[in-house]
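What follows is the residue order along each chain.
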2 protein chains.
Amino acid sequence: MEGKIDEFIEENRETYIKWLTEFCKIPSVAAQNRGMEDAVSYLDGLFAEAFSIIPEKVPTAGFPVVYAELEGTSDKILSFYNHYDVQPEDPIELWESPPFEPDIRDGKIFARGVADNKGNLVARIAAIHAIRQMGIELPVDIKFIFEGEEEIGSLNLPAFAKKYADKIYSDGCVWEFGYRDADGALQVSLGVKGMLYVELSVEGANTDLHSAQAAIIESPVWKLVWALNTLKDQEEKITIPGFYDEVESITQLDEEMLSHYRLDEEETLRKLGIDSFLLNLEGTELKRKHIFEPTCNICGIVSGYIGEGTKTVLPSAATAKLDFRLVPGQDPEKVLLQLRKHLNNQGFEDIRIKVTSSERAARTKPDQEIVKAMIVVAEQYSSKKPNIVPNTPGTGPMYELCQALGIPSASFGVGNFESNNHAPNENICVEDYIEGIKMVAALVFEFSRQFEKQGSVNR
Amino acid sequence: MEGKIDEFIEENRETYIKWLTEFCKIPSVAAQNRGMEDAVSYLDGLFAEAFSIIPEKVPTAGFPVVYAELEGTSDKILSFYNHYDVQPEDPIELWESPPFEPDIRDGKIFARGVADNKGNLVARIAAIHAIRQMGIELPVDIKFIFEGEEEIGSLNLPAFAKKYADKIYSDGCVWEFGYRDADGALQVSLGVKGMLYVELSVEGANTDLHSAQAAIIESPVWKLVWALNTLKDQEEKITIPGFYDEVESITQLDEEMLSHYRLDEEETLRKLGIDSFLLNLEGTELKRKHIFEPTCNICGIVSGYIGEGTKTVLPSAATAKLDFRLVPGQDPEKVLLQLRKHLNNQGFEDIRIKVTSSERAARTKPDQEIVKAMIVVAEQYSSKKPNIVPNTPGTGPMYELCQALGIPSASFGVGNFESNNHAPNENICVEDYIEGIKMVAALVFEFSRQFEKQGSVNR
């Protein structure tokens, strides 16, 4: 019977592709408050078409959470966490097709948000749709939790999760993202890094000045450069006192998972057009840094004249956007205090810090039903052994939405190694998308079976 | 008879203001190759109207030099060096009236280029026009040398000056700029700093990446920050080895001029909305740094996401524009080599350096006729003692165009302390402009007299 679902999905592939490409036409860039209402309306229409229901729009201090439940035959609950917002599309000039005009070429769908995260969001709806269209009862309750602020740091999700803890509770949560790695194996990911995203800004004179004045007037951009230089040294060590103090040490189990986790170094370097990784790392050291170490990254910096040619100006202001990816044990609020104290101690009291995102890291243990079910399904649908990623280098509100509420969460999905998330020419493979729908459908049943097995053991 | 010239100028003030405001409507931004031909055409028309001649357009590898001669009654030659290009107008949003729609309000003319340098350029044409309209013969030959690339570093002027050394020779050159200081006294300036303007750029992966990748992929912007940090320390000392080695020491005469040079600290701070100067300097130390010390300034820096809100990206490239203001003795080509060597030694071999401007500093001794004539005229036209600036903190091709050819050069002009050169709301006072025209007319005669005096002494 479940095999029939895959056939149904194949027969309806054009519909499911259309559901996705139509959604990707909406420029739901939360950072710029563009297209957000349109995205919510689109989901209304999609739920109406797929399930004959209109989802709840749960208000937050920002964009609403789109929420829906579907009843199953057991008391177990499987939830899907996704987001309907996308990253800004710039640098626009590097896109080969317009970011909000989905283009299918070379077997791939190109569009901003198609990998992160609309592909997975729609695939999960499509999977449940297929099950129900086949007249099969859902073996577990299903909850859809789609937020609109993931790309701007999920600032309002912690309050939402706290307020609606009962409503969103589940026995396992399928996290938003998921990728195939360079050799085509499906990644099953067990955690996310946390994040502190800050904007540092400095102001000087009340106007830009002729740069001859630089001899006697303070330069905000020099101050910013000097300050940034005190945050991380050239050995990539973050030099804010206390930063590493509460980092949880890597366990034996972590190291074991790390040794199985595969990272295709050669392919990654080739794809990015570079000769080596940071600090010439390779092998286990490289994987450890990627998976388990925090970062301090400059997402953007700007000051003064950035146009063509020369302008001799002493800029009156300078700004940098930084993201710190945090690991289990690190508290973004504490890191913020450490940063403030450090800047003060270094003589940069007048650098303003604006926090735009603050999230803790989260980890799921590999013995949880959701993890085991994902691995079974991944093995079913791929000739390659799934690649268990003990912790992804990316970030999401997994701590607030799951770990803090005791909900185990893991992820797999329709993205791939060259999906260009957050970058120009974001894409997914059409076949990965269709396969991804099938895998979600299979996961629903496998997840239920994991509890049944357990039940029979417990009895 | 000379007194009548001032009357004539007063009577024709509306004409002379119109000459200037029409010129300022042309957005002759050399850096962006906008409106440059229009500016040259406008000068054709202006010379035709003022002198019934069409100036030469002397070709260079870049924009042409507009050149004209008018014959006088002696064998002495007075030249005027000005430029018809202007700085880019951004940040456009800070202008109170559109930069290329000259607006007269509160007794000031606001427009991009009105102070730097179209006000002086037109004032000098107007002065010679007024003398000739009165039927008075010019006591010296006059040469107008108007270049179109001053704001982009006069890259082609050295070759022009070399090729046309005989043609442009004069016994004194009135340099392009000139200002009243905070207490209204007219500045007479005897030199300019040199400049090395460079763009530093770093590239990383072939595309912007999700910032989670920052854990293992090199960041060009971090590299740029670290490299910049090695160029200047927080005490404002430029830390490129050898940078100060050939700086000429300050003479007794320099120190004496410095002690007479007036800088209204309180007014400057008030105007700029800041509490103190760089390093809390004041008095002679401040003036010395302003006038006699080289700088290393960041004119602009950009990398990654600089829009509203957050974007978690590892940028694939980073660029900074730097200007070094140099002092007598420093050779910009040597400084460039020192910079390259220093970056290499610090491990930044892969930072690219693009030079966009390279000029030596120049100085004129205060005993030259052109200087003495300017001081006499400045004293005649102002109740305040003129402010002799031994060296201005700004830059221009004075070395190449004058010092290398043995032409003494000094400057005074129609700008003021709040003219906002290179900044939004650039302006000059209408009365300073009219007064400036009268002073140029008077200078022509006083310059001639200085040589006559000398002649009578010599005989």
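Reading the values: rules and limits
Residue positions are counted from 1 within each chain, in the order its sequence is given. As they are written, the chains are lettered A onward and the ligands numbered 1 onward, keeping that order. Local features in a predicted model are, by the rule used here, given only for residues with pLDDT of at least 70; side-chain atom pairs are given and counted only at 80 or more, and totals for whole chains, interfaces and linings are based on all residues. To get the side-chain values, all heavy atoms of the structure are used, and hydrogens and water are removed first. Contacts are residue-level and defined by heavy atoms, with any inter-residue pair within 4.5 Å sufficient. Joining two parts hides part of their accessible area as seen by a 1.4 Å probe, and the buried area is that hidden amount summed over both. The term salt bridge refers to a pairing of a side-chain nitrogen on Lys or Arg with a carboxyl oxygen on Asp or Glu at a separation within 4 Å. N or O atoms closer than or at 3.5 Å make up a polar contact, with two conditions inside protein: a donor-capable atom paired with an acceptor-capable one, and, for residues adjacent in sequence, both atoms drawn from side chains. Secondary structure elements are taken from DSSP: a helix is a run of H or I of four residues or more, a strand is a run of E of two residues or more, and numbering for both begins at the N terminus. A pair of aromatic rings is counted whenever rings of Phe, Tyr or Trp (Trp by its six-membered ring) have centres within 6.5 Å, and the orientation is called stacked for planes under 30 degrees apart, edge-to-face for over 60 and tilted otherwise. The classification of residues rests on relative accessible area computed with a 1.4 Å probe and restricted to protein chains. Under 20% of the type maximum is buried, over 50% is exposed, and intermediate values are partly exposed. Throughout, the edges of the domains are those of an automatic or database domain assignment. To estimate the expected span of a helix, count its residues, drop one, and scale the result by 1.5 Å.

Novice: In this structure, what is going on with the interface of chain B and chain A? I would like to understand it.
Specialist: One frequently used descriptor of interface size is the decrease in accessible area upon assembly of the parts. Across the boundary between the two partners, chain B contributes 81 residues, which contact 82 residues of chain A. Summing the contributions of chain B and of chain A, the shared interface buries around 7,200 Å²; its carbon and sulfur component is 60%. In this structure, the connection of chain B to chain A is made through 0 salt bridges. At the boundary of chain B and chain A, one finds 38 residue pairs in polar contact (both at pLDDT 80 or more). For the side of chain B that touches chain A, the element with the highest residue contribution is strand S12 (residues 295-304) of chain B, accounting for 10 residues.

Novice: Please clarify how the packing of aromatic side chains should be interpreted in this entry.
Specialist: Within this structure, the stated rule accounts for 30 aromatic pairs over all chains. Residues Phe160(A) and Tyr164(A) carry aromatic rings whose centres are separated by 5.2 Å and whose planes lie at 45 degrees to one another, so their mutual orientation is tilted. With respect to burial, Phe160(A) and Tyr164(A) carry one shared label: buried. Pairing Phe47(B) with Phe144(B) gives two aromatic rings, centres 5.3 Å apart and planes at 85 degrees, and the pair type is edge-to-face. Placement of the pair is Phe47(B) in helix H3 (residues 36-51) and Phe144(B) in strand S6 (residues 141-147), with a sequence separation of 97 residues.

Novice: Help me understand the domain arrangement of chain A, please; the structure alone is not making it clear to me.
Specialist: Residue and element names in this part refer to chain A. Domain annotation of chain A identifies domain 1 (2-192 + 362-458) and domain 2 (194-244 + 294-359). The straight-line distance from the C-alpha centre of domain 1 to that of domain 2 is 35 Å. If you look at the interface, domain 1 gives 12 residues, while domain 2 gives 8 residues. Summed over both partners, the interface of domain 1 with domain 2 comes to about 730 Å²; 48% of that surface belongs to carbon and sulfur atoms. Area buried by domain 1 at its contact with domain 2 is led by Gly153, Leu155 and Thr395, which between them contribute 50% of it.

Novice: Would you mind going over the side chain of Asp254(A) with me for this structure?
Specialist: Residues and elements named next belong to chain A. For Asp254, the location among the structural elements is in helix H8 (residues 252-260). Residue Asp254 is classed as buried on the basis of its relative accessible area, which comes to 8%. Those residues in contact with Asp254 that lie beyond four places of it in its chain are Ser249, Phe292 and Arg363.

Novice: I'm lost on helix H12 (residues 369-381) of chain B in this one. Help?
Specialist: Here H12(B) is 13 residues long and its end C-alpha atoms lie 18 Å apart, about the 18 Å a rise of 1.5 Å per residue gives. Looking only at H12(B), the buried set comprises Glu369(B), Ile370(B), Val371(B), Ala373(B), Met374(B), Val377(B), Ala378(B) and Tyr381(B).

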